[in-house]
Amino acid sequence: MKKLLIRIISLLLVFSLACPVPARAQGRFSLFSDLFSEKESDDVPVTAYADMEYIRPDLEQMQLILEEACRLAEGKDPSAILDGVFAFYDAYDWFYTASALADIRYSADLTDTYWEAENDFCTSSGPRVEQMLDTLYTALAQSPCRRSLEWRYFGSGFFDGYDGCDGEGFWSDEMVDLMEQESRLISQYYTQYRSMTTLMGRLFFRTDQVAQTLADLIQVRNQMAAWAGYDSYEAFANDCYYYRDYDPQALADYLDRIRDTLVPLYLTVWEDVDEAEECEPDQALDYVRQAANAMGGTIGQAFGLMDQAGLYDIEAGAHRYDTSFEIYLPSYQEPFLFLNPTGTTYDCLALAHEFGHFCNDYASCGTMAGVDVTEVFSQGFEYLSLAYHPEAQALTRYKMADSLSTYVEQACYARFEQEMYLLEEPTPEALCNLFGTISEEYGLSDEYFSPWDFITVPHFYTNPMYIYSYIVSNDAALQLYQLECDRPGEGLALYQANLDTQQPYFMAFLEEAGLESPFAPGRLDRVAETFRQIFSAA
């Protein structure tokens, strides 16, 4: 999973507001190439993760920097205005770098109260920081140098949507308040999740309270969508967080076809897959190292940076957050990888997945591509590693079973997520009943299943509507693997050629890369046939 930073690009959205939603940069140099070429272009020195010092962002100082940038925007000197913009961008970058560091360190030990407090502070401050960026762009829209700034740096028409905003755009006080409520509930889930993973916590743990947190999040998020003029939270998230350029009905139909086409196969496959063997984190790292070195090019360089600077945390721990992710550190222009190891060979694939994100961020200096697109690179590296690691044959059947599970299990979760935001009264009991019903339809209700299991899926709480990305990107990544198997070297070449893409839209990316839509007639049938051939082979 690529750790989600809410990135909303104003010029790419069809948004029913007087003001657009501003961009969030994951690394300044990925947004406006002409603008940032004004900054020094010398190579940024490599900073080891061990040398990265966390300093809590100073929001009061950031506000003063913003006020100075807005004052300079009133003048007629474009160079001075840019100085103010860059000063704010530096502070903005540090806020998200510090937020990432706090997140990484809290995820490593959920019992650490210092990092819990710092993570909560950064998470809850994000909406206010985005409101600051919105204020800056509104001031630039009113600048006497507006045309010059657009023509030379930002692009024609960039500030059109900021005319007459005056704080009443997307990042109004009302929206910021709703997002702060959302952040507090997410922090509450972290605390509850910690209780689920500690012996003492389990003594006092209450399933219904964790479910109530999700019910509260649903209500807040539906309010956000309604305020922004959307009929549903799904539509709001698709436009504002994920740049999705496919019809929601197409996805809904696709989820139905997965249920009808792949669930019967899913119910039989794992019976023929050997149990995962034990695997130490260093063995998983070595698996990725050998695959990356064999692929070479940008991928090999990315691993070299990760290894040289120690930009990963893959150690086992009793109190780690039970997820794996990759996140970008914009002030250092370096990615970072976090793995919660299971101690099995699955860790080879999980680490390969996050390293695929690492490669994408490395190649693009902090990707601004849509999440559906970035997940192609994470899952794509998993698949390609099977072709480039000398001892990957033993993993192939396991990976293909995992791929089939991605289709089915994530489709189940996606269907649940679609429908839970449509509940008239999202109570814990209603969520439990809904999850039980949908899980049964998708074949997940075995003897180990509980209809309360949705509380163990962090994405529902922390990354709403992200799950769609795993499903559609898995299909595109599988196509890379099929191409590599049919014509060795071509799947890898296509992967490497697109690593630096900034394409926000998934369907547009597929067209540019020459890949087929997962929604194309007959595509899912061919996927099912591929799985049948793999699992029927001796």
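This write-up is about the structure you can find in this document.

About the cut-offs
- Residues numbered from 1 in each chain as written.
- Predicted model: local features only at pLDDT ≥ 70, side-chain atom pairs only at ≥ 80, totals over all residues.
- Heavy atoms only, no water.
- Helix = DSSP H or I, 4+ residues; strand = E, 2+ residues; numbered from the N terminus.
- Buried < 20%, exposed > 50% of the residue type's maximum accessible area, 1.4 Å probe, protein only.
- Contact = heavy atoms within 4.5 Å.
- Areas by Shrake-Rupley, 256 points an atom, 1.4 Å probe, with all protein chains shown as cover.
- Axes fitted to C-alpha atoms, helices over the stretch in contact; angles between N-to-C directions.
- Parallel < 35°, antiparallel > 145°, perpendicular 65-115°, else oblique.
- Left-handed = near helix turned anticlockwise from the far one by under 90°.
- Nonpolar A, V, L, I, M, F, W, Y, C, P; charged D, E, K, R; others polar.
- Core = buried A, V, L, I, M, F, W, Y, C linked by side-chain atoms within 4.5 Å.
- Phe/Tyr/Trp six-rings, centres within 6.5 Å; stacked < 30°, edge-to-face > 60°.
- Salt bridge = Lys/Arg side-chain N within 4 Å of Asp/Glu carboxyl O.
- Expected span 1.5 Å × (residues − 1).
- Bend = angle between axes of the 7 residues up to and from the residue.
- Pairing = 2+ DSSP bridges.

Examining the overall build of the protein
1) Next: Of the regular secondary structure elements, the protein holds 21 helices and three strands.
2) Next: A total of 538 residues make up the protein; the buried ones form 59% of that total.
3) Next: Here the contacts in the protein between residues at least 6 apart in sequence split such that 77% fall between residues at least 24 apart.
4) Next: Carbon together with sulfur atoms contributes 48% to the accessible area of the protein, which is approximately 21,200 Å² in total.

Overview of the packing of helix 14 (residues 371-388) against helix 19 (residues 490-497)
1) Next: Two elements in contact, helix 14 and helix 19, have axes whose closest approach is 11 Å; the angle formed by their N-to-C orientations is 150°. Between helix 14 and helix 19, the crossing angle belongs to the class labelled roughly antiparallel. Read as a crossing pair, helix 14 and helix 19 show a hand that is left-handed. Together, Val376, Phe377, Gly380, Phe381, Leu384 and Tyr388 of helix 14 and Gly491, Leu492 and Tyr495 of helix 19 make up the contact between the two elements.
2) Next: Looking at the contact of helix 14 with helix 19, its residues break down into seven nonpolar, two polar and no charged.

Here we look at unusual backbone geometry
1) Next: With a phi angle near 55°, glutamine 333 is a residue other than glycine that sits in the positive phi range.
2) Next: Inspection of the secondary structure assignment puts glutamine 333 in the loop between strand 2 (325-329) and strand 3 (334-338).
3) Next: Taking relative accessible area as the criterion, glutamine 333 reaches 24% and is therefore assigned partly exposed.
4) Next: The backbone of methionine 465 shows a phi angle near 65°, a positive value even though the residue is not glycine.
5) Next: Looking at the secondary structure, you find methionine 465 in the loop between helix 17 (458-462) and helix 18 (467-486).

Examining the nonpolar core
1) Next: Formed by 181 residues in total, the largest nonpolar core has its most connected members in Phe355 and Phe454.
2) Next: Counting residues per element, this core draws most heavily on helix 3 (residues 78-108), at 16 residues.

Some words on the packing of aromatic side chains
1) Next: This structure, assessed with the given rule, holds 47 aromatic pairs.
2) Next: Seen from their ring centres, tyrosine 137 and phenylalanine 159 are 6.4 Å apart, and the 55° between their planes marks the pair as tilted. In this pair, tyrosine 137 sits in helix 4 (residues 113-141) while phenylalanine 159 sits in the loop between helix 5 (146-154) and helix 6 (173-196), placing the two residues 22 residues apart along the sequence.
3) Next: Its relative accessible area of 1% is what places tyrosine 137 among the buried residues.
4) Next: Both rings, one in tyrosine 413 and one in phenylalanine 435, keep their centres 6.3 Å apart while their planes meet at 20°; by these two values the pair is stacked.

Overview of the pattern of salt bridges
1) Next: Tallied over the full model, the rule gives 19 salt bridges.
2) Next: Notably, a salt bridge pairs aspartate 256 with arginine 259, separated by 3.4 Å at the nearest N-O pair. One end of the pair, aspartate 256, and the other, arginine 259, are both in helix 10 (residues 248-269), three residues apart, so they sit about a helical turn from each other.
3) Next: With relative accessibility at 25%, the residue aspartate 256 sits in the partly exposed group.
4) Next: Taking relative accessible area as the criterion, arginine 259 reaches 24% and is therefore assigned partly exposed.
5) Next: The partner of arginine 320 in a salt bridge is aspartate 313, and the shortest N-O contact between them spans 3.2 Å.

Describing the environment of proline 451
1) Next: Mapping proline 451 onto the fold places it in the loop between helix 16 (428-441) and helix 17.
2) Next: Residue proline 451 is classed as partly exposed on the basis of its relative accessible area, which comes to 29%.
3) Next: Sequence-wise, proline 451 and glutamate 440 are eleven residues apart; in three dimensions their C-alpha atoms are separated by 9.5 Å.

Quick word on helix 14
One turn of the α-helix equals 3.6 residues, which is why residues spaced by three or four share an orientation.
1) Next: Here helix 14 is 18 residues long and its end C-alpha atoms lie 26 Å apart, about the 26 Å a rise of 1.5 Å per residue gives.
2) Next: At phenylalanine 381, helix 14 shows its strongest bend, of approximately 25°.
3) Next: Counting buried residues in helix 14 gives 17 out of 18 residues, a clear majority hidden from the surface.

Some thoughts on the pairing of strand 3
1) Next: For strand 3, a buried count of five out of five residues is recorded, marking the element as mostly surrounded by other parts of the structure.
2) Next: Burial along strand 3 is two-sided: Glu334, Phe336 and Phe338 facing one way and Pro335 and Leu337 facing the other are all buried.
3) Next: Where strand 2 meets strand 3, five bridges bridge the pair, whose relative direction is antiparallel. Residue tyrosine 328 lies in a different strand from strand 3, and its bridge partner there is proline 335.
4) Next: Linking strand 2 to strand 3, which pair antiparallel, is a turn of four residues; within it glutamine 333 sits at a positive phi near 55°.

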